[in-house]
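Results of the structural survey
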Amino acid sequence: MAGPEVLLTAINAKYIHSNLAVYSLMANAGQYEDMVTLCEYTVNHRREEILSWLYGKKPAVIGFSCYLWNVEYVVSLAEDLKKVLPDLVIFAGGPEVSWHPERFLERHPFFDMIMVGEGEETFREYLAWLAGDAGSLSEVRGLVYREGARIVRTEPRPALDMEKLSFPYRSLEAFDNRILYYESMRGCPFSCSYCLSSLEKTVRVKSIGKTQRELDFFLEGRVPQVKFVDRTFNCDHEHAYAIWEYIGAHDNGVTNFHFEIAGDLLREEDFALFESFRPGLIQFEIGVQSTNPDTLAAIRRTMDLEKLCRAMERLHRGRNIHAHLDLIAGLPHEDYGSFRRSFDEVYAMKPDQLQLGFLKVLDGSHMSEAGEEYGIVYSSAPPYEVFSTKWLSYGDLLQLKIVEEMVEVYYNSFQFAASMAFLRIFSDTAFDLYRSLGGYYERHGWLEKKHSRLERYELLWRFAEDTMSWTGEQREQFRQAMTYDFYCRDYVKNPPAFIRPRPEQMKHGIRAFFAREAQERRFVRGYEGMKAGQLYHLLYVDCFTLDMEILTEEGQIRETPPRYCMFDYRKRNPLNRSAEIIPLGGSLGS
């Protein structure tokens, strides 16, 4: 269908991300799809480069998808676009512009229109109007636009029937090494006061049959990762179970599916199903936000923490599902001490990752309305992050930022599991450990610097040396834990100085072991045709007297008779990317 060219433009946070919104708009444009071109960039591109690219395309209309992470970039880019293409019609959509669209247009006169809320039908009808197939723009629901000096708002768009929406993806050509996003439902049944999803009470779910057919696209294409954007995916248990069951039955051995769930809503039949899953087939993000009852009540969050603890125990026991838990600092009634308790209680659940976030006061949320009551002071610019509250000073918040950085490096990276478990034994609480480590970084001026992986180990060793009152035996045990962690990731030929070189007698025994393995293949698999010398340089072997599994799983120090372990870097744990550890016994497998 001929008509003015319309350019849908996404400015993503990173290259690996994709923008589901613009793909869905284009896929649902119907007979007007030929009018539409889609472009994706990132906030890391120079704005001048994108400006020149878009100018070169000379579209009649350009639309931007706006979120917290890109709206300032988009506004700046749109302003310059209007200067070089004064006749260009610029519109925006997305959560960052939908709640007060009139105010947005008043503040940014270079934007001509806002698409409010769900945009697929609105966009298609707008294209029909552009093509001359519809009467008046005022008849298109879900628009706020300029008409001379006036700003016009049309009737609101009713919630869309998800069964009528077209699948957003046509091919995988543009998605090499990128995450694809997918939705099987819209809306959320919960009322969390900091979240915009809580404002839409109507939960709409795609039929199981439609969802299964669409998932086949990802499975047949062997897409590395698919992230469901559904809010609280398992709020409809039957729907969630049917999807998980289908994914398990059609596992292609490659694709990972990410879900945001409520852990306390998991049922016994879910756990029974999960037992059969390949490690890494699915992963969960679970928002705890706080364990303070007053805080949970204030943010209108319903959660059974005891059930969540039991659920995390079950997931952890299965060792095949990555589950990360979220906390939010800056919520009502949560002071520094309360957040410290929330941190420790969530840390004790042993999440694979612990995400520390900071309250963002979103326009349109209940939290923005109650901000004065709670004494919330926050940034006027996106992402509108909290500075202080009645209970938490800006100074306290800065300290929590340091804790966040230490958790990100030394917990969420999976590279220091044994080392941090060892240090935790000698600290009053988990929070105190990370705060102490962050304070050490701060005193030495290391927070502002970038550090290599090797340097992170060296700095952790220095921290332990300077702050821990250990016996000689404990110091050597910690050295073992750090050596184990270091070689779990890679076989580095020039390790940090704190790692003791293996004695020559041990090296001789290891070479003899690989000479036997080159002939017998009792322990080494997948290295056919390689000689003993090659195996020696590809597979690291060392001897330990510390039970690393007891240390990391139970947080206990237990000495054992000397035991050799082999680190196989071609076989990695899909949950944490650690090398496969093959026990060889006390005499190198002989």
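Here the structure is shown first, and the text comes after it.
In this report, we go over the structure that sits alongside the text. (Residues numbered from 1 in each chain as written. Predicted model: local features only at pLDDT ≥ 70, side-chain atom pairs only at ≥ 80, totals over all residues. Heavy atoms only, no water.)

**Considerations on the nonpolar core**
- Trp244, Phe284, Phe343, Tyr410 and Tyr434 are the most contacted members of the largest nonpolar core, which totals 141 residues.
- Sort the elements by how many residues they give to this core and helix α14 (residues 394–410) lands first, with eight residues.
- Within the second largest apolar cluster, 29 residues are counted, among which are Ile11, Cys39, Leu85 and Ala92. (Core = buried A, V, L, I, M, F, W, Y, C linked by side-chain atoms within 4.5 Å. Buried < 20%, exposed > 50% of the residue type's maximum accessible area, 1.4 Å probe, protein only. Helix = DSSP H or I, 4+ residues; strand = E, 2+ residues; numbered from the N terminus.)

**Regarding the side chain of Thr389**
- Note on placement: Thr389 falls in the loop between β17 (386–388) and α14.
- Each residue touching Thr389, except ones within four places of it in the same chain, is listed here: Gly330, Tyr374, Gly375 and Ile376. (Contact = heavy atoms within 4.5 Å.)

**Overview of the pattern of salt bridges**
- Summed over all chains, the structure comprises 36 salt bridges.
- Glu102 is paired through a salt bridge with Arg153; the nearest N and O atoms lie 2.7 Å apart. Pair noted here: Glu102 is in helix α5 (residues 101–107) and Arg153 is in strand β7 (residues 150–153), with a separation of 51 residues, a long-range link.
- For Glu102, a relative accessible area of 25% translates into the label partly exposed. (Salt bridge = Lys/Arg side-chain N within 4 Å of Asp/Glu carboxyl O.)

**Some details on the environment of Leu137**
- Assignment of secondary structure puts Leu137 in the loop between α6 (120–130) and β6 (143–147).
- Taking C-alpha positions, Leu137 is 43 Å from Gln289, a pair spaced 152 residues apart along the chain.
- Non-local contacts of Leu137, meaning those with residues more than four positions away in its chain, are made with Tyr126, Trp129, Leu143, Tyr145 and Thr154.

**Comments concerning the sheet that holds strand β1 (residues 6–12)**
- Reading across from one edge, β2-β1-β3-β4-β5-β6-β7 is the order of the seven strands in this open sheet, with mixed pairing throughout. Since the sheet does not close on itself, it has two edges, and those belong to β2 (36–42) and β7, each with one partner. Going from strand to strand, the sheet's axes swing by 20° on average, the running direction of each strand aside.
- For strand β3 (residues 61–65) and strand β4 (residues 89–93), the ladder comprises five bridges, and the chain directions are parallel. Counterpart to Val61 in the pairing with β4 is Val89. (Pairing = 2+ DSSP bridges. Axes fitted to C-alpha atoms, helices over the stretch in contact; angles between N-to-C directions.)

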